[in-house]
Amino acid sequence: MPIESTKNIWHNGQLIPWEKANIHVMSHVVHYGSSVFEGIRCYTQPNGASIFRLPEHMQRLIHSAKIYRMPLGYTVEQLNAAVIGVVEANGVAPCYVRPVAFRGYGEIGVNPLRSPVEVYIANFPWGKYVPGNDGADVCISSWNRLAPNTMPSLAKAGANYMNSQLIRMEAEVNGYVEGIALDVNGYLSEGSGENLFIIRGGTLYTSPLANSVLNGITRDSILTLARHMGIPVVEQALPRELLYICDEAFFTGTAAEVTHLRSVDRILVGDGSMGPITSALHKAFFDIVNGLAEDHFNWLTPVTVREPVAV
Ligand SMILES: Cc1ncc(COP(=O)(O)O)c(C=O)c1O
């Protein structure tokens, strides 16, 4: 999907024009993948617009940077203010917000410690990520997710997405919309950019953080909603074949939101339609982000955009 540009990008504390947000080809990140980033959605509600779980995203960015010994120089509160500032300055809602921090132009060589840290925050309009409203037809990837103690999966680092790209490209060339990777021990991990949930016998299952998954903020939101709604929740290592015999399955993610799986490896999940528990969680999630239910968990940070587009 082509990026629709906006007017401003936040760079190290200032708003700069979109077209001036450039880096040198010899920047460390270009050669060694030394970046961490976030993806956040800003939704519109009947009375305005709000960013979904902004502090949690900014905390994860700081944690991703900490794992890579990358001092950002900003607190969660300062980053929150920066995101609100750029969204309000650009006046675009709903939108997707992309903060990224990386090692810039400094030294050549693997060691990043003497290359400067640059922080940028962009926002732009963005629609549905996993295509189709009738559910996603996905496959199990031939690629495994990152093995423990290789690339840390709790860091949302640009370099992790080379693995995600392999999974996603393989899925597409084989006629699927997404791939699900197993971890190095053969247990279910996650999609190339989504966490995975399975429902069987009325219980909601998802892989724990030890199965090489990103600590997804939508994952946490769904776990919170499920517990609140009295749905039994189990985080445990899950065998691949559970996907073929479960009642329902869905992806979560900022980009994917809550997307039900219609089939896995051409085997229908249930009868292929969105099942009752997925539907209830889907509705609970969208009611909150669309401002149709009370924001019980304090997940929405209001922003003032000049002309919010109605939902
Ligand atoms: C690999 C991976 N897993 C899971 C997720 C879902 O995380 P979140 O819900 O925080 O967007 C993402 C998206 O950021 C991702 O890239």
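As the structure is a computational prediction, the values presented were derived from the model and not from experiment. (Residues numbered from 1 in each chain as written. Predicted model: local features only at pLDDT ≥ 70, side-chain atom pairs only at ≥ 80, totals over all residues.)

## Some remarks on the site of the ligand
Not every one of the 14 residues close to the ligand is listed here, only the nearest: Gly216, Ile217, Thr218, Gly253 and Thr254. Those elements giving two or more residues to the shell around the ligand turn out to be α5 (217-228) and β14 (248-253). Top contributing element to the shell around the ligand by residue count: α5, with three residues. (Near = placed C-beta within 6 Å. Helix = DSSP H or I, 4+ residues; strand = E, 2+ residues; numbered from the N terminus.)

## Some words on the domain arrangement of the protein chain
When the parts of a complex come together, some accessible area is lost, and that lost area is often used as the size of the interface. One can read the domain layout of the protein chain as domain 1 (8-124) and domain 2 (136-289). One C-alpha centre belongs to domain 1, the other to domain 2, and the line joining them spans 26 Å. Contact with domain 1, which involves 17 residues of that partner, is made by eleven residues of domain 2. Those elements that place two or more of their residues in the side of domain 1 that touches domain 2 are β3 (35-37), β4 (40-45) and α2 (54-67). (Domains from an automatic or database assignment. Contact = placed C-beta atoms within 7 Å.)

## Topic: the pairing of strand β2 (residues 14-17)
In the sheet, strand β1 (residues 8-11) pairs with β2 via four bridges, with the strands oriented antiparallel. Each bridged residue has a counterpart across the sheet, and for Ile9 the counterpart in β2 is Ile16. Here β1 folds back onto β2, and the loop between the two strands holds two residues, one of which, Asn12, carries a positive phi near 45°. (Pairing = 2+ DSSP bridges.)

## Details of α2
Given a rise of 1.5 Å per residue, 14 residues ought to cover 20 Å, and the 20 Å separating the end C-alpha atoms of α2 matches this to within 8%. Of the positions making up α2, those classed as buried are Leu54, His57, Met58, Arg60, Leu61, Ser64 and Ala65. An end-on view of α2 places all buried positions within 155° of arc, on one side of the element. Just downstream of α2, Arg69 is the residue with a positive phi angle, here 55°. (Expected span 1.5 Å × (residues − 1). Buried ≥ 20, exposed ≤ 12 C-beta atoms within 10 Å, placed from the backbone. Arc of directions from axis to C-beta.)

## Things to note about the nonpolar core
Soluble globular proteins tend to bury their nonpolar side chains together. Core analysis: the largest hydrophobic core is formed by 71 residues, its most contacted members being Cys42, Ile51, Val83 and Ile198. Top contributing element to this core by residue count: helix α3 (residues 76-90), with five residues. Summarising the domain contributions, this core has at least three residues from each of domain 1 (8-124) and domain 2 (136-289). Ignoring any residue separated from it by four or fewer positions in sequence, one finds Cys42 in contact with Ala49, Ser50, Ile51, Val87, Ala93, Pro94, Cys95, Val97 and Val303. (Core = buried A, V, L, I, M, F, W, Y, C linked by C-beta atoms within 7 Å.)

## Some thoughts on unusual backbone geometry
Most of the time, phi is negative for any residue but glycine, and the peptide bond is trans. The amide bond that connects Ala93 to the next residue, Pro94, takes the cis arrangement and shows omega of 0°. By the secondary structure assignment, Pro94 is in the loop between α3 and β6 (95-103). Although it is not a glycine, Arg69 sits at a positive phi angle of roughly 55°. Along the chain, Arg69 falls in the loop between α2 and α3. Located in the positive-phi region is Arg266, a residue other than glycine, with phi close to 70°. Along the chain, the position of Arg266 falls in the loop between β15 (257-264) and β16 (267-268). The class of Arg266 is exposed, set by 10 C-beta atoms lying within 10 Å.

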